Each structure stands twice: as structure tokens, then as C-alpha cells.
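These are the residues of each chain, in order.
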Amino acid sequence: MKQNIKKYCKDLNIDYVGIAGIGPYYELEKILKNKIDKGYYTGMEEKDIQKRINPRITMENVESIIVCLFPYFSGNVENTNISKYTHNVDYHIVVKEKLEKLSKMIKKDIDEFEYKIFVDNGPLVDRYLAQISGVGYFGINNNIINDKYGSYVFIGYIMNNIKLKEDDKLDKKCIQCGECIKKCPGGAILGNFDMNPNKCLSFITQKKEELTDEEKKLLKNNPTVFGCDICQDVCPHNKKINTTKMNEFTENLIYNIDYEKINTISNKEFKRRYKDRAFSWRGRKIILRNLEIINKK
Ligand code: B12
Ligand code: SF4
């Protein structure tokens, strides 16, 4: 069956697929507890640690997890004020659609195939799954890196009720050059493969609560309306990478958000225009707030 899954993935332009076991993931539990103790969480993460380390809580009859990478790098652009992962149509939509297609293909072979699809929104730790299934390895900047596509990859997974042989994780980490630590504007990267996400500019651009003066200064000095790519852009593992083969990530791209344009439309109109964009999930107000901070003389 694994061979068939690989073939179906190829048909769907998915180059990297791996199988993760179903835990419980006790080594991850230690990392999560340590993060909570140190206050290294933002409130965007699933709070229930048991749910994060035990897939059975989410799908009682889960037997394996199919993990796929979705490369989105389509080239570097000079004039952009939003992060690369938001240039394209919302990856949640694209990845879900692809994994739904893959699941339907598998179901044709195995009638009793039951599944649940997740990308970003699931209870598990996506990067952990990517690592244990061997589709990528950790960078000091916390991102999952793949040799062919670098770290500009989304991670999606299918919990399912079929026992598939687990893949081995790669015996590899990034080269640890330290560039991301030096260049991270918020000093969020700790150097031991962990980070303090509260200091991450990507988080600050998405934060709903009022920003502190320090956070505003950080945003003003590193003007990105949504997300942050610095630790990936400086990473040597992202230098000679392939661009994505997925048309969904190369067509219909938006590179800039214009203050005047957003300021003159209603919240409802904003939602209507941008509901298929990852930068819109926090709403118009947050985008306007960030633009105002960046544009302030
Ligand atoms: C909340 C969240 C954020 C928060 C907090 C991020 C954080 N580091 O915790 C904020 C808003 C800051 C954020 C930013 C970004 N995010 Co985000 N985010 C998430 C989300 C929803 C949960 C993350 C989480 O659970 N964090 C808690 C920690 C425990 O999990 P982790 O980050 O995976 O941590 C691993 C490493 O830190 C490592 N680790 C920690 N300590 C140690 C110690 C040792 C010794 C070792 C070896 C490893 C290690 O192991 C952990 C477990 O595998 C995930 C989706 C998901 N459900 O998993 C996406 C996700 C992590 N985000 C993603 C992306 C694309 C981004 C951004 C690149 C977006 C951008 N351009 O702005 C940045 C990257 C910032 C960075 N350098 O990490 C992708 C990552 C893809 C990839 N290639 O790795 C994910 C997986 C979504 C997806 N499905 O594609 N994100
Ligand atoms: S995304 Fe930006 S702020 Fe966040 S860790 Fe990377 S370089 Fe630092």
C-alpha cells in the first residue's frame, strides 16, 4: 500500500511523503512541558499536551499518519511587504484539497479507509510529525528543512486507520551556521533548536493584543505587514533550492498590501476580497494597525 501512496502522491505533485507512528510521543512531551515552564508559547498552540502527544485522543482508531510536504517557494521578490507564505492562495485550502484527493485515491484501494486531514489547525505538532516521518529535519531557526525545497514547505497530514510501516527519521540537522540567530530581529531564536515565539516578529504581526512600544519599534524597523521570513531568507539551506512545482503556489500571487486600499474598504469587503489569503485570518484591523506602525513618520 505504501508504494501505491507514493505513486498517488507523485500524480498529485507531492514529492515528499512519509509515515509517522502514532506515539504517544513522550520525547515531545518533554519539549512541550519545558516550553510551558519557560513561557515559550503564544496562545495559538493547542493547550492540551495529551492531545498533542497522543493521536488516539483525536482519532480513536488511528493506526498511522501520512505526512506530506507542500513546497511554496516561487522565487525571491524585491518589493513585497508580506511574508512569502502569504503570497499565494491560503495554504490551508490548497493542502486540504490535495490531501482530500490523496485520501480518495487510497479509499478506492481500501474500502474501509477512514481518515482525518490536518494542516496547521490540528492538535498534533506538525513539525514533529515531519521530522519523525523523515520528510525533513530541524533547523536552528525551528523550521523543518528539506534538502530539495529548503524550509519553505508547509506540512499536512492524514491520520488514518490503516497500519503502515513507519519511516525512519533523517539522521540530520541544519549546519548550525548561526546566521538566523544573528539576523533574527526579535532575538527569538535561542540556538538550541528552541525559540521564544513571543519575541518572533511573525507572532507580533499577528498579535491581537495591543503592541508594546518595543514591539512597535521592532515592526517599524523590519517592515512586514504579515509574517516574517528573515530567519529563512538568511539560511544557507534555502540558497540553491528548487521552486515549487505546484501551480497553486505560483499563480494568483499578491506581494503587497496597500494602506489606502485597505483603509477605504469595510471589514466585510476585506473578508470578501481576501478570505482565501492566509494574511486575512486576523482581520482587517490587525493589517491596518501594522501598516500604520510601519508608515508612521
Ligand atoms: C503557533 C505557530 C506559530 C507561532 C509560534 C511558533 C513556534 N515556534 O512555536 C508563530 C506565530 C510565531 C509562528 C511563526 C511561523 N510559523 Co507557525 N505555526 C504555529 C503552529 C500552529 C503551532 C506551533 C507549535 O505547536 N509550537 C510549539 C512547538 C513545540 O512546536 P514546534 O514549533 O513545531 O517546535 C519544534 C521545534 O521547536 C523543536 N524543538 C524545540 N525544542 C527543541 C530542542 C531540541 C534539542 C530539538 C532537536 C528540537 C527542539 O521540536 C519541536 C517539536 O517538533 C504550527 C502548526 C502546528 N499545529 O504544529 C505552525 C507552523 C509551525 N508554522 C509554520 C510556518 C510556515 C511559520 C512561519 C515560517 C511563518 C512566517 N513566515 O511568518 C513562522 C516561522 C517562525 C519560526 N522561526 O519558527 C509551519 C512550519 C513549516 C516548516 N517548514 O517548519 C507550521 C508547521 C504550519 C504548517 N503546517 O505548515 N507559528
Ligand atoms: S520569523 Fe523572523 S522574528 Fe521569527 S524567529 Fe524567524 S527571523 Fe526571528
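Keep in mind that this is a model prediction, so the values were computed, not measured.

Student: Now, about the site of ligand 2: what can you tell me, with residues and values included?
Tutor: Taken together, 13 residues sit near ligand 2, with Cys-184, Cys-200, Cys-228, Ile-230 and Cys-231 positioned nearest. Sorting the residues of the shell around ligand 2 by element identifies helix 7 (201-206) and helix 9 (230-233) as the ones contributing at least two each. Residues belonging to the shell around ligand 2 are distributed by class as follows: ten nonpolar, three polar and no charged.

Student: Can you lay out the pairing of strand 1 (residues 17-20) for me, pointing to particular residues and giving the numbers?
Tutor: Alternating residues of strand 1 divide into Val-17 and Ile-19 and Gly-18 and Ala-20, and every residue in both groups is buried. Bridge analysis of strand 1 against strand 2 (residues 64-71) gives four bridges, and the strand direction is antiparallel. Residue pairing for strand 2: Val-17 is matched across the bridge by Cys-68.

Student: Can you break down the packing of helix 1 (residues 2-11) against helix 4 (residues 91-109) residue by residue, with the values?
Tutor: Running from N to C, helix 1 and helix 4 point in directions that differ by 140°, and their axes come no closer than 10 Å. On the basis of the axis angle, helix 1 is oblique to helix 4. The chirality of how helix 1 crosses helix 4 is right-handed. Each of Asn-4, Ile-5, Tyr-8 and Cys-9 in helix 1 lies in contact with helix 4, whose residues at this interface are Leu-102, Met-105, Ile-106 and Asp-109.

Student: So, the sheet that holds strand 1: which residues are in play, and what are the values?
Tutor: Overall, antiparallel pairing links the four strands, which are arranged 1-2-6-3 in an open sheet. Among the strands making up the open sheet, the edge pair consists of strand 1 and strand 3 (115-118). When the angles between neighbouring strand axes are averaged without regard to direction, this sheet yields 25°. Pairing geometry for strand 3 and strand 6 (residues 153-160), over four bridges, is antiparallel. Looking across to strand 6, one finds that Tyr-115 is bridged to Asn-160. Sheet strands touched by helix 1: strand 1 and strand 2. Its angle to strand 1, the strand with the most contacts, is close to 140°.

Student: An account of the environment of Gly-187 is requested, with residue identities and associated values reported.
Tutor: Its location among the elements puts Gly-187 in the loop between helix 6 (179-183) and helix 7. Note on Gly-187: 13 C-beta atoms within 10 Å, which makes it partly exposed. Along the backbone, Gly-187 and Leu-201 are 14 residues apart, and their C-alpha atoms lie at a distance of 9.4 Å.

Student: Lay out unusual backbone geometry with the relevant residues and their values.
Tutor: Following Gly-23, the chain continues into Pro-24 via a peptide bond in cis, with omega recorded as 0°. Checked against the element boundaries, Pro-24 lands in the loop between strand 1 and helix 2 (26-38). Although it is not a glycine, Asn-13 adopts a positive phi angle of roughly 70°. Counting through the fold element by element, Asn-13 comes out in the loop between helix 1 and strand 1. The exposure class of Asn-13 is partly exposed, given the 14 C-beta atoms found within 10 Å.

Student: How would you summarise the site of ligand 1 if you had to cite specific residues and measurements?
Tutor: What surrounds ligand 1 is a group of 39 residues, the closest being Arg-127, Tyr-128, Phe-193, Ser-202 and Gly-227. Elements represented by at least two residues in the shell around ligand 1 include exactly helix 2, helix 5 (126-132), strand 6 and helix 7. A per-class count over the shell around ligand 1 returns 20 nonpolar, twelve polar and seven charged.

Conventions we followed
Residues numbered from 1 in each chain as written. Chains lettered and ligands numbered in written order. Predicted model: local features only at pLDDT ≥ 70, side-chain atom pairs only at ≥ 80, totals over all residues. Near = placed C-beta within 6 Å. Helix = DSSP H or I, 4+ residues; strand = E, 2+ residues; numbered from the N terminus. Nonpolar A, V, L, I, M, F, W, Y, C, P; charged D, E, K, R; others polar. Buried ≥ 20, exposed ≤ 12 C-beta atoms within 10 Å, placed from the backbone. Pairing = 2+ DSSP bridges. Axes fitted to C-alpha atoms, helices over the stretch in contact; angles between N-to-C directions. Parallel < 35°, antiparallel > 145°, perpendicular 65-115°, else oblique. Left-handed = near helix turned anticlockwise from the far one by under 90°. Contact = placed C-beta atoms within 7 Å.

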